[in-house]
Amino acid sequence: MVQKMEMEGKKQPIKKDLLIIMPAYNEEKNIRQVLEQLNSQEITNIADVLVMNDGSSDSTNWIVKEYHHTLVTHVFNLGYGSAIQLGYKYAIRRKYKYVIQMDSDGQHDVCNIPIIYQKLKQQGEDGRYPDIILGSRYLLEDPNYQTSCLKKIAYSYFRYFIRLFTGRQISDPTTGLQGLSRKAVLYCSRYNHFDDRYPDANIVIQMILLGFKVEEIPAKMHIRSAGKSMHSGLKPVVYMVRMTMSILAVVYRVKVLKKDAGIGKNGIYIKE
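What counts, and at which threshold
Residues numbered from 1 in each chain as written. Predicted model: local features only at pLDDT ≥ 70, side-chain atom pairs only at ≥ 80, totals over all residues. Heavy atoms only, no water. Helix = DSSP H or I, 4+ residues; strand = E, 2+ residues; numbered from the N terminus. Buried < 20%, exposed > 50% of the residue type's maximum accessible area, 1.4 Å probe, protein only. Contact = heavy atoms within 4.5 Å. Areas by Shrake-Rupley, 256 points an atom, 1.4 Å probe, with all protein chains shown as cover. Pairing = 2+ DSSP bridges. Salt bridge = Lys/Arg side-chain N within 4 Å of Asp/Glu carboxyl O. 1 Å grid on protein atoms, 1.4 Å probe; cavity = no way out; pocket = protein on both sides within 12 Å on 5 of 7 lines; lining within 4 Å. Points joined across faces, edges and corners; volume = space filled by probe spheres on them. Nonpolar A, V, L, I, M, F, W, Y, C, P; charged D, E, K, R; others polar. Core = buried A, V, L, I, M, F, W, Y, C linked by side-chain atoms within 4.5 Å. Axes fitted to C-alpha atoms, helices over the stretch in contact; angles between N-to-C directions.

Caption draft 1: View of the overall build of the protein chain. Within the protein chain, the regular secondary structure consists of eleven helices and seven strands. The buried share among the 272 residues of the protein chain stands at 50%. Relative to all contacts within the protein chain whose residues are 6 or more apart in sequence, the contacts with residues 24 or more apart total 78%. Accessible surface, the protein chain as shown: approximately 14600 Å² in total, 55% of it carbon and sulfur.

Caption draft 2: Examining the side chain of S246 more closely. Along the polypeptide, S246 turns up in helix α10 (residues 235-256). Using a relative accessible area of 17% as the deciding quantity, one classes S246 as buried.

Caption draft 3: Focus on the pairing of strand β4 (residues 98-101). Residues Y98 and I100 of β4 are buried on one face, and the alternating residues V99 and Q101, pointing to the opposite face, are buried as well. Of the pairings in the sheet, the one linking strand β1 (residues 18-24) to β4 comprises four bridges and is parallel in character. Across the sheet, residue L18 finds its bridge partner in β4, namely Y98. As paired strands, β4 and strand β6 (residues 178-181) are joined by four bridges and run antiparallel to one another. Considered in β6, the bridge of Y98 is made with S181.

Caption draft 4: Here's a closer look at the environment of V34. Within the secondary structure, V34 sits in helix α2 (residues 31-38). Along the backbone, V34 and D109 are 75 residues apart, and their C-alpha atoms lie at a distance of 8.4 Å. Apart from residues no more than four positions distant in its own chain, V34 is found in contact with M22, M102, S104, D105, G106 and V110.

Caption draft 5: Representation of helix α9 (residues 201-209) in the model. Burial within α9 is extensive, with eight of its nine residues counted as buried. All of the buried residues in α9 are A201, N202, I203, V204, I205, Q206, M207 and I208. Buried-residue contacts for α9 involve β5 (132-136), α7 (149-166), α8 (182-188), β7 (214-218) and α10. The positive-phi residue at the C-terminal boundary of α9 is G211, with phi of around 95°.

Caption draft 6: How the structure looks around the pattern of salt bridges. Tallied over the entire structure, the rule returns ten salt bridges. Salt-bridge contacts for R32 lead to E66; the nearest nitrogen and oxygen are separated by 2.8 Å. With R32 in helix α2 and E66 in helix α4 (residues 60-66), this pair connects stretches of sequence that are 34 residues apart. Taking the shortest distance from any N to any O, the salt bridge between D195 and R242 comes out at 3.4 Å.

Caption draft 7: The layout of surface pockets, seen in detail. Considered as a void within the structure, the second largest pocket measures approximately 210 Å³ in volume. In terms of lining, the second largest pocket is formed by K97, Y98, L120, R128, Y129, P130, D131, S181, R182 and K183. Residue composition of the lining of the second largest pocket, grouped by class: four nonpolar, one polar and five charged.

Caption draft 8: Structural detail: empty space enclosed by the protein. Summed over the entire model, instances satisfying the criterion amount to three cavities of 30 Å³ or more. Volume-wise, the largest cavity comes out at about 60 Å³. What lines the largest cavity is simply Y88, Q101, I132, L134, Q178, F194, P199, D200, I203, V204, M207 and V214. Sorting the residues of the lining of the largest cavity by element identifies β5 and α9 as the ones contributing at least two each. It is α9 that provides the largest number of residues to the lining of the largest cavity, a total of three residues. When the residues that make up the lining of the largest cavity are grouped by side-chain class, the tally is nine nonpolar, two polar and one charged.

Caption draft 9: Just the nonpolar core, in detail. I21, Y88, V99, I205, M207 and I247 are the most contacted members of the largest nonpolar core, which has 43 residues in total. Not counting chain neighbours up to four residues away, the residues in contact with I205 comprise F161, I162, F165, T166, I247, V250 and V251. By size, the runner-up hydrophobic cluster in this structure holds 28 residues, among which are L38, V49, V64 and M102.

Caption draft 10: The arrangement of the sheet that holds β7 in detail. Reading across from one edge, β3-β2-β1-β4-β6-β5-β7 is the order of the seven strands in this open sheet, with mixed pairing throughout. Both outer strands of the open sheet, β3 (70-73) and β7, are each paired with one neighbouring strand and no more. Ignoring which end each strand starts from, the neighbouring axes of this sheet average 20° apart. Bridge count for β1 against strand β2 (residues 47-53) is seven bridges, and the pairing is parallel. Its bridge partner being in β2, A24 is matched across the sheet by N53. On the sheet, helix α6 (residues 112-120) packs against β1, β4, β5, β6 and β7 and is oriented at approximately 145° with respect to β4.

Pasting the structure below:
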């Protein structure tokens, strides 16, 4: 009885409904600064943090442990998409209502998190809540954020595909800064519903075609200051080819085969 009273007298931690997922691969030069920003009271009051260490060979793992956030470490590098999807599964298991995913390289400013969080909880004129919020670096005019010519061509290429197949104008088709509702997280956490390497324009097209409510808002971003991008070297060429094939496969699956058609609007077939 005494033990029970002592437990009841202790202040129990408040259950948060928002999980921040950060995939990380060899980000020892950048991730400490991001984790410091995430430790601000404005963030810790509303969210828990999950770092998905995707088989880093540097000190990323040890740096994250210093901050006592939840850490999942892959023995091997499984890919950006696999790290994100495992984070989704964790969010579902732990009953989080919302997820915000952001990069661990410092490009996504932490100030975007409360804005995306509030937007996810805001009901639209159609009576629906957003399923996915895309943080766009191009809706906010920032002279300090410069994009290379090659990337501009790639972005225009994928914007065209999104507009062609969905009729929607998305300014930042490859943004890694996204907020998701539990319904969207649950769907993307399932087998064969998410790209294990590059979940970008292909997933945006998939979710729009399936009827999920996708919105885009301006977001403050920074240039990577250190480390190596996953799109360095010849990887952009492989990325472009793979993404194009993936987009065509998504369109065929949803528009021709009618796989899960309309599931984003009604959601009645998305069972946990």
